[in-house]
Every structure is written in C-alpha cells, then in structure tokens.
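Here are the chains, one letter per residue:
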Amino acid sequence: MDLLAFARGPALEAALVIFCVGVAWRIAGFALLRLRRDLNKPRTPIGKWITGGLMTVGSRSWPHPEFIPRTGAGEALGYSYHIGLFIVVGLFGPHIAFLGSLFGISWPGLPSGLITVISVLTLTLFLAVLFRRLTHPVLRMLSNFDDYFSWFVTALVLVTGLAATAHIGAPYQTLLAVHILSVDLLLVWFPCGKLMHAFYLVPSRAINGAHLARKGAIS
Amino acid sequence: MSDATSALVADLAPGQEKTAQARVAGAMRGFAQEIGALSAFRLESCIHCGICADACHFYIATEDPQYTPIWKVEPFKQAYKREASPFAPLYRLLGLKREVTADELVKWQHLLFDSCNMCGRCSLICPMGIDVAALIEQARHAMFDAGLAPKELYQKAAHQRATGQPEPSAEPYREQLLAIGKRFGVEIPLDKPEAAVMLCVPRTDIEHYPSAVAALARVMQHLGASCTFRSDALVAENYGYYAGGKSWQRDISMRLIEQALALKAKTLLVPECGHAYTALRWEAADLYGKPLPFEVRHVTEFLADELVAGRLKLARAATGKTTFHDPCQLVRKGGVNDAPRALMHAMGIELDELKNHGGFSFCCGGGGGVLDIERAAPLRYRTMENKLREIDDTGAGTFLTSCSDCRRTFDDAKSHFSWDKTPHSLLELVASQLSGTGSAP
C-alpha cells in the first residue's frame, strides 16, 4: 500500500471513527450531567425564549454597536478566516467530489484559480491571527497548547492543500497524500480541543439567548 | 505559601481559618457541587478569544489582562478539565492539567471579588454566547467554601444570617424605620398580620437615605395599597449573595420568604436595590426548592403597572436636563427595562441617555459587594472614571437611578472626586410628584 492509499484508506477511516466517537464522547461528557430546572417564575412565555434563543444565534455573529469600537477589528479578522476556510473546504472542486463520495450529494464549486487566491488570503489571515494571539496581552495570557495546536493543524491543512494544488516540492501523489494525512490529523485532534466550538456555537448562543429572553432582558 | 498570600490570608475574618488543603478541597467541592450540564457546557465552549475583556470596565480602565472576565474563573476551568470534563482521566494520567493550589485561590480572591461587580456585561459580548457572569457567581460560591470570601462580605453575611441585619446598629432597624416615619410625617405600615404586598428596605436607605424609605411608604400610602413591613425581615440586600455563601444566601432569602408566606402576600416588593432583585426575583425560588407562591416585583415595575392601570398619576417634574443610570442587576440581568423610563415619561422627563445605557450600561462600580471591600476602593475609583465621564458628557443637571447601592457608590465618588453631580432616587422623585388621590390596587 502506498502513502496515498494509506492516507485516504485506513488512516482516513480511523480518523473518521476517532472524530465521530470523540465528538460524541465530548458532548455526552457534559450533556449527561444533571440539568437543574429554573424554578424562578419567567417574565415571558416560552415562545419568547425560543425566538430569543434563535435570534441570539444570529445576533452574536457580530458585536452589538456598543462593543464594535473595541472588538470590531478582532472579530472581523476572526470571521474572515472562517469564511475563507468555508469557501476553500466547501467550494473547491476536488473537495466537493470527495465530500460527495462520502455523503452522496454534489454542488457547484468555484474555479480552482480563485480558490488558490482565497487559500493564500486565508493563510495570510491565519498568520495575522497567530501574530495577534502572540502579541495581544489578553490573548497571550489566555492561550494554551490547545490554541496553538488547533491553529497548527488547521493551518497545516491549508498549507499542504496549497502545496498539492501548486505541485510544489514533491510529486503530486506525495503532496496529495500529505494533504490528506494533515486532514486525518485534524480529524483526530478535532474532538480533543477547541475545534469543537464548531458544534458548540449554535447551542451555546441559543441557550444564553433563551435564558436572557426568559428574564425579558436583552441578549 | 508566598508572603503576599500569607498577608491576604491574615486579612480574613475569624471563622475563615482553614489549612491550605482544606481551602482547595472546599473550593473544589463548592465548584463541583454546582457543575451541571449548563455550567460544564459554558466552560467547554470558551475559545479563548478574549473578547469579554472589552466589555469589562475593570479591563477597559486598566488594560490589565488579568481583569479579563473569563480569566477570573481560570482555576475553576482548570479544575473542571482535570476533575470532571470528558477527558479528565487523560488530563490526570498525562499530567496535562495540574491541581489548583491554595496560593492560586488566594490570589484569585482579588479577581473574583475586588474586581468583579457581577454586572453581566461580559455575558452580552461573548461571541460563543457564554454567560461568563454566571460562571463567576459559581466561582464565588467555591471561594466562599474555601474560606476566601473578603472579610467585609463574610462578616456582613454572617451577621445578616444570624440577626437579619448585616451590621449591628445603635438602634435596631425596626426602631429606625418607625423614627423615619415620624421624621418625614408618613405612616410606616409595620407587622400587619396580613397584607397583599410585603415591603422590605435596603439597609443602605435606612442608614444613608431615610428619605427613600419615607418615599416608599408615602407612595404605597397614596395608592392605598394593602402592605406592610415585617420586623423579622426588613432588609432587602443579601450579603450571602455577595459573599458567595449559597446556603447563607438561602437562609437570608428564607427570612423574607417565610414572612411573605405568613402574610399570605401576593407580592414581595423589592425596593430600589439591584442585587436584592436578582437574589429574590431570579434566584430565591431555586434556593427555596419550588416556585414562590407570590410575585417578586421591583418597585419601579410595580409603580409602572399602577400607572398603566390608572391608579397612579404623576405631576410633571421640572428636573431640567436629566440622565439615568440603569442598574445592572435590574436591567441587564433582570429585564426591568421599561418600567423606570415609563415612570420618568409620565413625569414629562425626556432623558438625555448615557452613551452606554439600558442593557449596555456600565456598572456604577460598587455592585457585587465591591463597594463594601475597603481595599478595592482605589481600583473602583479608577474604574468609575469612565462612568462619571459618560454622565458628565450628557450635560444633564439631574442624575437619577433606581438602586440605592448605585446611588451610594455615586455619592462616594462625589466626595472622592469632588464631582459636581448628585445621584437622586427615582422613587423619591415619584413620591414627590404624586397627584390625585390614588386607589387601592
């Protein structure tokens, strides 16, 4: 078995199993803890909690105007590279073909030249994010191994993907194998660290929004 | 134990003595007892973006990263990951998360008490939607169990739990209350066997703003409301809540709840006190163990309802340019958004709003018991400067609020900074503008 066959065969399968089991374990780890009922009389009917929760899922995507002067730039940087990642992962032809083989669906992609440009831009934003984490006093203080390693495994996928697309440094088959192995690594790390926020984002916002709506407070 | 830690420990109150081991065990027990699905999820969801720092006035005033709200629960986050998270066995086996030490807990006392008003502004900014303030409240419970609540809060909580008053007074509050009635010429309804509305009063008002106590009695008298204070449960504040002593908070709340039950009251009326509102409106039923069989209402909510019902009529108030401070516990954390403004509108007041108002208002700086912690004063003053600037920038000559602890904090700033504004009570203004005869609700 060559490296490419290993990367997209047993390595990918093992990584996917670890990913699925790990995500389920991580979620079950807190979801199975007791959930205390709030006995204090709500100010609003349950319908408002639901709409409050759903609206907060959307509204927390961007800071309230009162906070923008202090946080707007940092949040814009954060969202920019997430959008870049989404485009590269979801709208690149070979990725669509791969995901299609897993899920049996397909959708139109973007030209590969444009994807390359977006990948380079996204990688640049990744470097900016790392620079900010290393230099901003608050971020530096909060950061731990998880932050840096999660950054590393995600950036690695981008770099190896760009190298494979541009055929830089090694035969294409090898570059593709390395790229897929980097994806395998990301899948294995995903449930172990902060990348899990992809699963937590919506329920976390919704719960806080519903909690505040229950009190009739803004969220 | 470091010198700084030893000094902090030496500054604790009698009754808070513990070995280092017992402090860590107490903190972990206190935190673990409350780790439910929701708080675990909050701890799991943090992505270390640091954005919560930009909502916190302690960080904004100092640019000191240690005041980042989520950092204030860092030892407890570590403890959760090591002891209770899904990968806890791995963390312990591989030594990836070390045990929290007593030294760390002692250092964190400053972050959890002196530099946090529990105002909840951080919970509005988190892009993940984490209620950081709820985590901080939980961490305060753990600190209390570690014997590390600041001595001022601990002592007042202990005294209030035992006697109903946070501090001894030359005359019991009951006598002071009656004296206030005589002095201001208003009947103080006291110890009636039954009443629809049970009243209580901030001890801040008894000690510093007796006119606010008289205003409450006057308004209720004007409305002809069936109401009474109860000698056994006069004080609205809950120092157990401030200190983080959950069982003490319960005992203090129960004093009011039991009296309201004995009265068969339909409403427990919370006076102008923000933290009393949070403790009674949004936490008391959980501590009581079942839903309260009466309403808990802030006095501004009650009066705004009376306005709508047509039972309360107010004359126009010639206050000139006026601004208003939204108490965090009432507005941001309590949802009492519209009632104060409805009352001011009824008096013809067009507000010149603060730059950050409503749910986004900055805390006065004294909330969460910070006003009571003596050593926190220099940091509190530094933090307040931004708030005072916002008030000055409105150009308003009249400055109102609806929480007596906020009022006291601003009054303290007035003398510290030689500030030219005086904070006034919205309730007192309402009481001075009563018109018509009122009728029983």
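Conventions used here
Residues numbered from 1 in each chain as written. Chains lettered and ligands numbered in written order. Predicted model: local features only at pLDDT ≥ 70, side-chain atom pairs only at ≥ 80, totals over all residues. pLDDT = per-residue confidence, 0-100. Helix = DSSP H or I, 4+ residues; strand = E, 2+ residues; numbered from the N terminus. Domains from an automatic or database assignment. Contact = placed C-beta atoms within 7 Å. Nonpolar A, V, L, I, M, F, W, Y, C, P; charged D, E, K, R; others polar. Expected span 1.5 Å × (residues − 1). Buried ≥ 20, exposed ≤ 12 C-beta atoms within 10 Å, placed from the backbone. Pairing = 2+ DSSP bridges. Axes fitted to C-alpha atoms, helices over the stretch in contact; angles between N-to-C directions.

### Side note on the confidence of the model for chain A
When pLDDT is averaged along chain A, the result is 95; 100% of the residues meet or exceed 70. Considering each helix and strand of chain A separately, the mean pLDDT is smallest for helix α4 (residues 93-103) of chain A, with a value of 90, and largest for helix α6 (residues 137-142) of chain A, with 98.

### Considering the domain arrangement of chain B
All names here are of chain B. Split by domain assignment, chain B resolves into domain 1 (3-149), domain 2 (153-310) and domain 3 (322-432). Between domain 1 and domain 3, the C-alpha centre-to-centre distance is 28 Å. Listed per partner, the contact involves 15 residues of domain 1 and 19 residues of domain 3. Taken together, the elements giving at least two residues each to the side of domain 1 that touches domain 3 come down to α4 (57-62) and α7 (102-114). In terms of residue class, the side of domain 1 that touches domain 3 is made up of eight nonpolar, five polar and two charged.

### Some details on the interface of chain A and chain B
Contacts between the two partners involve 47 residues from chain A, matched on the other side by 44 residues from chain B. Of all elements in the fold, only α1 (3-31), α3 (68-91), α6 and α9 (197-215) of chain A reach the threshold of two or more residues within the side of chain A that touches chain B. Among the elements that make up the side of chain A that touches chain B, the one with the highest residue count is α9 of chain A (ten residues). Of the residues contributing to the side of chain A that touches chain B, the split by class is 18 nonpolar, 15 polar and 14 charged.

### Observations regarding helix α10 (residues 151-163) of chain B
Residues and elements named next belong to chain B. With 13 residues, α10 extends 18 Å from end C-alpha to end C-alpha; this agrees with the ideal 18 Å at 1.5 Å per step. Taken together, the buried positions of α10 are occupied by Glu152, Leu153, Tyr154, Gln155, Lys156, Ala157, Ala158, Gln160 and Arg161. Against the buried residues of α10 lie α14 (239-243) and α15 (246-263).

### Side note on the sheet that holds strand β4 (residues 295-298) of chain B
Residue and element names in this part refer to chain B. Strand order in the open sheet formed by four strands is β2-β1-β3-β4, and the pairing between neighbours is parallel. The two strands at the open ends of the sheet, each matched to only one other strand, are β2 (227-229) and β4. Adjacent strand axes in the sheet meet at a mean angle of 30 degrees when their direction is disregarded. Here three bridges tie strand β1 (residues 197-199) to β2, and the two strands are oriented parallel to one another. Paired with Met198 across the strands is Thr228, a residue of β2. Sitting on the sheet, helix α17 (residues 299-309) touches β3 (267-270) and β4, and the angle it makes with β4 is about 90 degrees.

### Brief notes about helix α20 (residues 404-417) of chain B
Between its first and last C-alpha atoms α20 of chain B spans 20 Å; for 14 residues at 1.5 Å apiece the expected length is 20 Å, and the two agree. Among the residues trailing α20 of chain B, Ser418 of chain B stands out with phi positive, at a value near 50 degrees.

### Focus on unusual backbone geometry
Residue and element names in this part refer to chain B. Positive phi, normally seen in glycine, also occurs at His48, with a value near 55 degrees. Positionally, His48 belongs in the loop between α3 (37-45) and α4. Under the C-beta neighbour-count criterion, His48 is labelled partly exposed, with 19 such atoms within 10 Å. Its identity as a non-glycine residue notwithstanding, Glu63 has a phi of 55 degrees, on the positive side.

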